[in-house]
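# A look at the structure
Read off the chains here:
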Amino acid sequence: MISLKINNIDVKGKEGDMILDVAKRYGIDIPHFCKNDRLERIGACRICVVEAKGQQKLIASCCTPIREGMEINTHSRRVMEARRTNMELLLANHDLNCVTCKKNLSCKLQRYAEEMMIDEITFSGDKRLYEVDHSSISIRRDNNKCILCGQCTRICNDIQTVNAIGIQNRGFHNKIAPPFGMNMHESACVNCGQCVIACPTGALTEKSDIQGVIDALRSDKFLIAQTAPSIRATLGECFGMPPGTPVTGKMVTALREAGFDKVFDTDLAADICIIEEATEFIKRFKENKDLPLITTCCPAWIKFGEQFFFEELHHMSSCRSPQAIMASLIKTYYAEKIGKKPEDIVLVDIMPCTAKKFEIKRPEFTGEADFVLTTVELGKLFKLLNVDFINLEESDFDNPLGESTGAAAIFGHTGGVMEAALRTAADWLTGEDLKEIDYKKIRSMDTLKEAELTIGGKQIKACVVHTLGEARRLLEQIRQGTCPYHFIEIMACYGGCIGGGGQPLPTDKERLIKRTKALIDEDEHKDIRKSHHNKSAIKLYKEYLGDFGGKKAHKLLHTEYYKRDYV
Amino acid sequence: MQILRKTELKAYKKAKKIGQKGVIEILSKKGLVGRGGAAFPTARKWQFAIDTKSDTKYVICNADEGEPGTFKDHLVLEKVPENVIEGIIIAAETIAAKQAYIYLRGEYEYLKPKIQKAISSVLKRSGSKVKIDIVVGAGAYVCGDETAIIKSIEGYRGQAYLKPPFPPVEGLWGKPTVINNVGTLANVPQAILFDDWDPHLRLFSLSGDVTKPGIYEFPMGVSLKKLIELGKPKNPVKAVYFGCFGGCMPYKEILLTPENVCGQNCVIGAGTIIVVDNTHSIVDMAETIAKFYAFESCGKCTPCREGSKRCLDLIAKIQSGKATKQDCDTLLDLALHIHETSLCGLGQTATNHLITALKYFREEFEQKCKLH
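Just so it is clear, the structure is predicted and the values come from calculations on it, not from any experiment. (Residues numbered from 1 in each chain as written. Chains lettered and ligands numbered in written order. Predicted model: local features only at pLDDT ≥ 70, side-chain atom pairs only at ≥ 80, totals over all residues.)

## Topic: the overall build of chain B
The helix and strand inventory of chain B stands at 15 helices and nine strands. Over its C-alpha atoms chain B spans a radius of gyration of 21 Å, differing by no more than 12% from the 21 Å that the globule rule assigns to 372 residues. Dimensions of chain B, computed from the C-alpha atoms along their principal axes, are close to 70 × 40 × 35 Å. Looking at the 372 residues of chain B, the share that counts as buried comes to 54%. Look at the contacts in chain B between residues 6 or more apart in sequence, and 71% of them connect residues 24 or more apart. (Helix = DSSP H or I, 4+ residues; strand = E, 2+ residues; numbered from the N terminus. Rg over C-alpha atoms; globule rule 2.2 N^0.38 Å. Buried ≥ 20, exposed ≤ 12 C-beta atoms within 10 Å, placed from the backbone. Contact = placed C-beta atoms within 7 Å.)

Here you go:
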């Protein structure tokens, strides 16, 4: 243990702890922009500077390790002046259009400016001026609001290994952009939105579809919403509720109040997804062909695979994502059932994800889902319509597409899809109704997790990864023929969908764990916890889809992948 | 000049004979320190790399001489490139590196054939198996910083990063790396070979308002007046700049030691002396140097990226006659702020010239300001 003083208070920390982290534990949250616990600390924003007794210069507390006997002052006059000057330097080069900014009231730059009581900016002169990049279907990039903390590029390059954006030019002319003057649409961006949830300002935000949804709600079309598994565990945060508060019932009521005719649960489609994927897995496992099988619920991972690992794509499940399964069923089965033309139905997907906006625009899904709203956008829609969310009564999803199991609930966090698939695959391979269905080993926040089960003397090795850098390492193994697994789940976002690019901020690890717990609780409290026991799903197959993995199921529930060029 | 005495691979042969321990001992005893400006003992730097266990190690020769007014390495590379290469192979074999790089300043690219020839000749004659490649920089001043050199050679943006880990422990591609200045490496064989090698001799780059600019070799502690008189200034000298990063002082007699120069709030660095006579305005100097730093900031940290531009804006305002004395205060505060909070050596020294100019020549700034 190392003893030191912070603001004259005796504190202790471990060898290698940084000053900023120790101060946080003792209740001082030193302002910072470029620090992110998942990234290498670069000490670039210089907002976190503190004074250390005996040192001539101020030091960056985010990346200076504590030493025995240090005397740190986090808010001396000198420190506060330096911090304020750095804030003023950032603000002098910022468009300051707070009230018209999408991040108004959730922006870190704005928050610190208020906390530091900055009522005047000493510096004036040129500002960097850039055109807003609207080209991407998923992400809006406004460099006029960028403070160059570099979190987005480090997430994109170091964690996701996509390298869609980087820092360009020198000094004052620094900017973050895709290479060679390309826009976001032309870049290798996979739309995961991990940059969006890392951005402290309004420089990177989701591409908003709220206006389109409002127009649809005010038209004479039949409006349907589907909500993804993770939304119920995160939406409450948009209204100040503690992270991990389940708000399923309120969310359904609010959607009805907003004007949706029907509210369906993507969880049902998740159960169907498991039925199809488990069928596919068992077939491949028995034939020992094209293993490992990789899950394909995540549209960011799909684009990543299409770009960088096309030769390995036969490992991908042909099964659509739950979103696309539900969209397909609504525009075929359900449209027929209620006697409406598919084009008279407007389907709005409520998703945790910016990449889902891209997914519904894939040519093979034309005419299915009409809009994707992220969790953050749904929160904004409810606020726009002045829905008193916190005090709403609870209500249930509509039928016949509203019933789901515990297996579907956990789709929203890393490891959940694999856990759900293993529950079904193990039952089918043994022919029993197994009681041991908790795969706790794959529920953690580790980016690579393994599970093994032995059925009839045969071992199944499963693996769960999240973040695309981790996925890349696994795919390199597959490419070299050294991958030991039979079944793999890949999610692009850290933590899975609960950490998606459309989720409310902040998305630190503690929050992600609380959100995950909400989903696990939902699973544990369900009577039915296996996808193949979902009565509505079984009925659907009997009435409409035919056999599991059959011809009609393939037509409506499966898809194809294409080679994509990238720069 | 001592620096131009050729060693003709005799030092390499001696180094082979006395071995790793012998080389470290001799360099340490003779007191060779870095010639890049920081004056860190060379033997100690090498020892750090020796002590770090790794199957791969590197040596980098820092030939990115980018400090305005500095041209001593140019002379060495032009006149005695073989000595530098000999220094490189001694360094590499002492720390057990199989690969060395010469990071050559972009503007010195025309020296590449000459250096290449020296490499071939030295490797052939010595029989050393060390591989030496020349990497030509793209013209960024910050790449004179050792961590930025590493990033640049690795193919990334040439930007400084945080130390520790220091390069001798974790450097190029994460491997122990010794980075030495051209002048240091040229001195290595001389220090090993010549009994009369003088550790105190330094090269001074003299330029500015003098009629005989050039490289002068003197021991540390030489009289500033003597040095400048050798340059034969045409007009009365007003100020001396120690390069751009070292700051300025009013011209007067001092003995040029690091301590004495520090006493004038300046940094002697690599022995750069830019003379300014009474026909030039310090505000013009400030503007020129501030432009240089605004252009050369890599943009990684806030104070250097934004602050160097705002310094330039404030100087432009002073030049335009629209500024008030208040603006001079703001400029000084900002200059001190950049010095105090920047990430790397570039930012931390980028405003030394302003801090010292506003200390010693404030009236020149104020004369340009409005009266209130």
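## As for the pairing of strand 16 (residues 458-466) of chain A
Residue and element names in this part refer to chain A. Direction of pairing for strand 15 (residues 448-455) relative to strand 16: antiparallel, over a ladder of eight bridges. Residue pairing in the sheet places K449 in a bridge with V464 of strand 16. In this antiparallel pair of consecutive strands, strand 15 and strand 16, the connection spans two residues, and G456 shows a positive phi of 55 degrees. Sheet analysis places strand 16 next to strand 17 (residues 487-491), joined by five bridges and oriented parallel. By the bridge assignment for strand 17, H466 is matched with M491. At this point the chain moves from strand 16, through helix 16 (residues 468-480), to the parallel strand 17, and the crossover so formed is right-handed. (Pairing = 2+ DSSP bridges. Right-handed = clockwise from strand over helix to strand, strands pointing away.)

## Some thoughts on the interface of chain B and chain A
Interface size is often expressed as the accessible area that is lost when the parts come together. Chain B puts 24 residues into the contact, and the matching count from chain A is 25 residues. Among the elements of the structure, helix 10 (282-296), helix 11 (302-320) and helix 12 (325-341) of chain B are those that each provide at least two residues to the side of chain B that touches chain A. Broken down by element, the side of chain B that touches chain A gets its largest block of residues, nine residues, from helix 11 of chain B. Residues of the side of chain B that touches chain A, tallied by class, amount to eight nonpolar, eight polar and eight charged. (Nonpolar A, V, L, I, M, F, W, Y, C, P; charged D, E, K, R; others polar.)

## Regarding the pairing of strand 6 (residues 214-219) of chain B
Residue and element names in this part refer to chain B. For strand 5 (residues 201-208) and strand 6, the ladder comprises six bridges, and the chain directions are antiparallel. Looking at the pairing, S205 lines up with I215 of strand 6. Remark: five residues form the turn of the hairpin made by strand 5 and strand 6, two consecutive strands paired antiparallel.

## With respect to the packing of helix 2 (residues 77-91) of chain A against helix 12 of chain B
Where helix 2 of chain A meets helix 12 of chain B, the axes come as close as 11 Å, and the angle between the chain directions of the two elements is 105 degrees. Taken together, the axes of helix 2 of chain A and helix 12 of chain B are roughly perpendicular relative to one another. Contacts from A:A82, A:T85 and A:N86 of helix 2 of chain A reach helix 12 of chain B at B:H337, B:E340 and B:T341. A class-by-class count of the residues in the contact of helix 2 of chain A with helix 12 of chain B yields one nonpolar, four polar and one charged. (Axes fitted to C-alpha atoms, helices over the stretch in contact; angles between N-to-C directions. Parallel < 35°, antiparallel > 145°, perpendicular 65-115°, else oblique.)

## Focus: the sheet that holds strand 2 (residues 9-13) of chain A
Residues and elements named next belong to chain A. With mixed pairing, the five strands of this open sheet are ordered in space as 2-1-5-3-4. On the outer flanks of this sheet lie strand 2 and strand 4 (59-60), each paired with one strand and no other. In terms of strand pairing, strand 1 (residues 2-6) meets strand 2 through five bridges, oriented antiparallel. Residue L4 lies in a different strand from strand 2, and its bridge partner there is V11. Each of strand 3 (49-52) and strand 5 (71-73) is contacted by helix 2, which is oriented at about 155 degrees to strand 3, the strand it contacts most.

## Quick notes on helix 18 (residues 535-545) of chain A
Residues and elements named next belong to chain A. If you check which residues of helix 18 are buried, you get A537, L540 and L545. Each buried residue of helix 18 sits inside an arc of 55 degrees when the element is viewed along its axis, so together they form one side. Across from the buried face of helix 18, at angles greater than 90 degrees, the exposed residues are K535, K542 and E543. Considering only its buried residues, helix 18 is in contact with helix 9 (266-287) and helix 19 (551-557). Where helix 18 terminates, the next one or two residues include G546, which has phi positive at roughly 85 degrees. (Arc of directions from axis to C-beta.)

## What about the environment of A:N73?
All names here are of chain A. Here N73 shows up in strand 5. Placed 67 residues apart in sequence, N73 and I6 show a C-alpha to C-alpha distance of 5.9 Å. Residue contacts for N73: discarding those within four places in its chain leaves N7, V50, E51 and V79.

## Focus: the domain arrangement of chain B
All names here are of chain B. Domain parsing of chain B yields domain 1 (2-193), domain 2 (201-277) and domain 3 (282-367). Here domain 2 and domain 3 have C-alpha centroids that lie 22 Å from each other. At the interface, 13 residues of domain 2 touch 12 residues of domain 3. For the side of domain 2 that touches domain 3, the elements supplying multiple residues, two or more each, are strand 7 (237-241) and strand 8 (248-250). Examining the composition of the side of domain 2 that touches domain 3, we find that three residues originate from one element, strand 8, more than from any other. Here the residues of the side of domain 2 that touches domain 3 sort into 10 nonpolar, three polar and no charged. (Domains from an automatic or database assignment.)

## Quick look at the environment of A:T234
Residues and elements named next belong to chain A. Its location among the elements puts T234 in helix 7 (residues 231-234). Residue class for T234 comes out buried when judged on the 34 C-beta atoms lying within 10 Å of it. Considered as a pair, T234 and G244 are 10 residues apart in the sequence and their alpha carbons are 6.5 Å apart.

## Looking at the sheet that holds strand 17 of chain A
All names here are of chain A. Reading across from one edge, 12-17-16-15 is the order of the four strands in this open sheet, with mixed pairing throughout. Two strands in the sheet have a free side with no partner beyond their single neighbour: strand 12 (293-294) and strand 15. Along the sheet, helix 15 (residues 416-430) makes contact with strand 15, strand 16 and strand 17, crossing strand 15 at roughly 10 degrees.

## A few points about the domain arrangement of chain A
Residues and elements named next belong to chain A. Domain boundaries assigned for chain A yield domain 1 (2-91), domain 2 (98-206) and domain 3 (211-557). The partner domain 3 presents 25 residues to the 17 residues of domain 2 that form the contact. Here the side of domain 2 that touches domain 3 gets three residues from one element, more than from any other, and that element is helix 5 (residues 194-198). Grouping the constituent residues of the side of domain 2 that touches domain 3 by class yields nine nonpolar, seven polar and one charged.

## Notes on the packing of helix 2 (residues 42-51) of chain B against helix 4 (residues 81-95) of chain B
Residue and element names in this part refer to chain B. Viewed as axis vectors pointing N to C, helix 2 and helix 4 meet at an angle of 40 degrees, and their least axial separation amounts to 9 Å. When the axes of helix 2 and helix 4 are compared, the pair comes out oblique. Packed against helix 2, whose contacting residues are W46, A49 and I50, the element helix 4 presents A91, T94 and I95 at the interface. Residue classes in the contact of helix 2 with helix 4 are distributed as five nonpolar, one polar and no charged.

## Here we look at unusual backbone geometry
Cis geometry marks the peptide bond from A:L505 to A:P506; its omega dihedral reads -10 degrees. Within the secondary structure, A:P506 sits in the loop between strand 17 and helix 17 (509-524). The linkage connecting B:P164 with the following residue, B:P165, adopts the cis geometry, with an omega of 5 degrees. By secondary structure assignment, the location of B:P165 is in the loop between helix 6 (146-154) and strand 4 (177-181). Although it is not a glycine, A:F180 sits at a positive phi angle of roughly 55 degrees. Checked against the element boundaries, A:F180 lands in the loop between strand 8 (175-177) and helix 5. Positive phi outside glycine occurs at B:E8, with the angle close to 50 degrees. Along the chain, B:E8 turns up in the segment before helix 1 (10-30).

## Examining helix 8 (residues 248-258) of chain A
Residues and elements named next belong to chain A. Those residues of helix 8 that sit buried are T248, K250, M251, V252, A254, L255 and A258. For helix 8, the elements touching its buried residues are helix 6 (210-217), strand 10 (222-227), helix 7, strand 11 (262-265) and helix 13 (375-384). Note on helix 8: the residue one or two positions beyond its end, G259, has a positive phi of about 120 degrees.

## Details of the confidence of the model for chain B
Per-residue confidence for chain B averages 96 on the pLDDT scale, and 99% of its residues sit at or above 70. Confidence estimates for the predicted assembly give a pTM of 0.93 and an ipTM of 0.92. (pLDDT = per-residue confidence, 0-100.)

## Section: the environment of B:I95
Relative to the helices and strands, B:I95 is located in helix 4. Excluding anything up to four places from it in sequence, B:I95 contacts B:W46, B:A49, B:I50, B:K57, B:V59 and B:V178.

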